[in-house]
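# Residue-level structural notes
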Amino acid sequence: PRMLAAIDEEAERCRQVIEGLLQLTRGGAIERVPVPLKRLVEGVVARLRVGGLSPELNVTVAGDATALGDAAKLGQVFTNLICNAAEACGPRG
């Protein structure tokens, strides 16, 4: 069930990425809403752990900041940052 939930979340994330790309080509405005960054990053890390992010990698999220933006797009930014950092650090980063 955990893997199926992860697959479902990834499919939804892919749908949001495609919709975002289509929105960019149409020139539409991005809806900006308050996004709690800690919760967003913790969700990204949890999804990446299911996807194979090494449990030895320590990811610490602190603070209670929010940002105005699109949660899906911000999630993609944090996914890319964490994946790039994990690759640069190696399995024991």
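Note that this is a predicted model, so its numbers are computed, not measured.

Parts of the model with low pLDDT should not have their predicted coordinates read in detail. Per-residue pLDDT for the protein has a mean of 85; in total, 96% of the residues score no lower than 70. Per-element averaging of pLDDT across the protein places helix H1 (residues 2-26) at the bottom with 81 and strand S1 (residues 33-36) at the top with 96.

Before going further, it helps to examine the environment of Arg13. Tracing the sequence through the fold places Arg13 in helix H1. Dropping the residues within four chain positions of it, Arg13 is found in contact with Arg47 and Gln76.

For helix H3 (residues 71-89), built from 19 residues, the straight-helix expectation of 27 Å at 1.5 Å per residue is met to within 8% by its first-to-last C-alpha distance of 26 Å. On its buried face, H3 sits against helix H2 (37-50). Its side-chain oxygen 2.9 Å from the backbone nitrogen of Ala72, Asp70 forms the N-cap of H3. A positive phi of about 85 degrees marks Gly90, the residue just after H3.

Procedures and definitions
- Residues numbered from 1 in each chain as written.
- Predicted model: local features only at pLDDT ≥ 70, side-chain atom pairs only at ≥ 80, totals over all residues.
- Heavy atoms only, no water.
- pLDDT = per-residue confidence, 0-100.
- Helix = DSSP H or I, 4+ residues; strand = E, 2+ residues; numbered from the N terminus.
- Contact = heavy atoms within 4.5 Å.
- Expected span 1.5 Å × (residues − 1).
- Polar contact = N/O pair within 3.5 Å; in protein donor to acceptor, adjacent residues only side chain to side chain.

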